[in-house]
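For reference, the chains in residue letters:
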Amino acid sequence: MNSRCAACKYLRRRCPPDCIFSPYFPSNDPQRFASVHRIYGASNIGKMLQQIPPHLRVEATESMYYEAQCRLADPVYGIVKTLSLLNQEIHHAQSQLAKIQAQIAFYNAQVHGNNKIQNAELPSSNFNNSLANQGNAFPHPTLPISILPPRSM
């Protein structure tokens, strides 16, 4: 190899032909290795790469880089902050879907002339809250499970 990889340049060492870092930390992007090194350390990066099958190493280094960037941007929460926000979005979308499906079922029942439901109203929020307090068997259609009040036993 004519040029040293970013890892070997950063560590100020000679880059051997079988360098574990060179395929994943090219010399034209030294900041990539520097940020991953700050979080994991060169020894740990090398150990992780050796334990991972070669066909998964590219994805692993991408993941390490993204996690390192998140940790550098937010030293306290790092990637957990992003995962938490995504989880909240999923719960919100699921609750919206459940609410819309309940409304569709209600309106379909009205249209098809179901006498039992024809004169009924959609359940009130008090009804939904009482179901939510019974546990996760009946999740609240507008609140994510993570913010429901704790079950009393």
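Residues numbered from 1 in each chain as written. Predicted model: local features only at pLDDT ≥ 70, side-chain atom pairs only at ≥ 80, totals over all residues. Heavy atoms only, no water.

Within an unreviewed UniProt entry, the label attached to the protein chain reads LOB domain-containing protein, and the organism entered is Vitis rotundifolia.

A. Region of the structure containing the packing of aromatic side chains. Summed over all chains, the structure comprises five aromatic pairs. Between F25 and F33, the aromatic rings sit 5.2 Å apart at their centres with planes inclined by 80 degrees, giving edge-to-face as the arrangement. For F25, a relative accessible area of 0% puts it in the buried group. Ring geometry for F106 versus Y107: centroids 5.4 Å apart, planes at 70 degrees, classification edge-to-face. (Phe/Tyr/Trp six-rings, centres within 6.5 Å; stacked < 30°, edge-to-face > 60°. Buried < 20%, exposed > 50% of the residue type's maximum accessible area, 1.4 Å probe, protein only.)

B. Main features of the nonpolar core. Counting residues in hydrophobic clusters, the biggest one holds 16 residues, and the most contacted among them are C5, F21, F25, F33 and I45. Of all the secondary structure elements, the ones that give two or more residues to this core are helix 1 (6–11), helix 2 (30–40), helix 3 (42–51) and helix 4 (57–73). (Core = buried A, V, L, I, M, F, W, Y, C linked by side-chain atoms within 4.5 Å. Helix = DSSP H or I, 4+ residues; strand = E, 2+ residues; numbered from the N terminus.)

C. Structural view of the packing of helix 2 against helix 4. The contact between helix 2 and helix 4 brings their axes to 9 Å, and the two run at 70 degrees. It follows from the interaxial angle that helix 2 and helix 4 lie roughly perpendicular. Every residue of helix 4 that contacts helix 2 at R32, S35, V36, R38, I39 and Y40 is listed here: T61, E62, M64, Y65, E67, A68, Q69, R71 and L72. (Axes fitted to C-alpha atoms, helices over the stretch in contact; angles between N-to-C directions. Parallel < 35°, antiparallel > 145°, perpendicular 65-115°, else oblique. Contact = heavy atoms within 4.5 Å.)

D. Layout of a nonpolar patch on the surface. Residues V76, Y77 and V80 make up a contiguous nonpolar surface patch of about 330 Å² in total accessible area. Within the fold, V80 resides in helix 5 (residues 79–111). Residue classification places V80 among the partly exposed positions, given a relative accessible area of 48%. (Patch = residues over 30% accessible without salt bridge, like charges linked within 9 Å, V, L, I, M, F, W, Y side chains within 5 Å. Areas by Shrake-Rupley, 256 points an atom, 1.4 Å probe, with all protein chains shown as cover. Salt bridge = Lys/Arg side-chain N within 4 Å of Asp/Glu carboxyl O.)

E. Here's a closer look at unusual backbone geometry. Its identity is not glycine, yet R12 carries a phi of approximately 55 degrees, on the positive side. Within the secondary structure, R12 is located in the loop between helix 1 and helix 2.

F. Highlighting the UniProt feature "coiled-coil region" (unreviewed entry) in the protein chain. Mapped onto this structure's residue numbering, the UniProt feature "coiled-coil region" (unreviewed entry) falls at residues 83–110. Its end C-alpha atoms 41 Å apart, residues 83–110 is made of 100% helix and 0% strand. (UniProt positions renumbered as here; feature names shortened; annotations may be inferred.)

G. Structural context of the environment of S3. With respect to the helices and strands, the residue S3 is situated in the segment before helix 1. When its relative accessible area of 34% is taken as the criterion, S3 is described as partly exposed. In the structure, S3 is positioned 23 residues away from P26 in sequence and 9.2 Å away in space, judged by C-alpha atoms.

H. Region of the structure containing the state of the cysteines. Scanning the model with the defined rule gives zero disulfides in all. We note that C5 lacks a disulfide partner, and the nearest cysteine sulfur, in C8, lies 3.5 Å from it. The class of C5 is buried, set by a relative accessible area of 2%. (Disulfide = S-S within 2.5 Å.)

I. Quick look at the confidence of the model for the protein chain. Across the protein chain, the average pLDDT comes to 81, with 73% of residues at 70 or higher. Note that residues 134–149 has pLDDT below 50 and, in this model, 23 contacts with residues that lie over four places away or in other chains. (pLDDT = per-residue confidence, 0-100.)

J. Structural detail: helix 5. Over its 33 residues, helix 5 extends 48 Å from the first C-alpha to the last, a length consistent with the 48 Å expected when each residue adds 1.5 Å. Those residues of helix 5 that sit buried are S95, F106 and A109. (Expected span 1.5 Å × (residues − 1).)

K. Summary view of the side chain of S22. With respect to the element layout, S22 can be found in the loop between helix 1 and helix 2. One polar contact links the side chain of S22 to the main-chain carbonyl oxygen of C19, over a distance of 3.2 Å. (Polar contact = N/O pair within 3.5 Å; in protein donor to acceptor, adjacent residues only side chain to side chain.)

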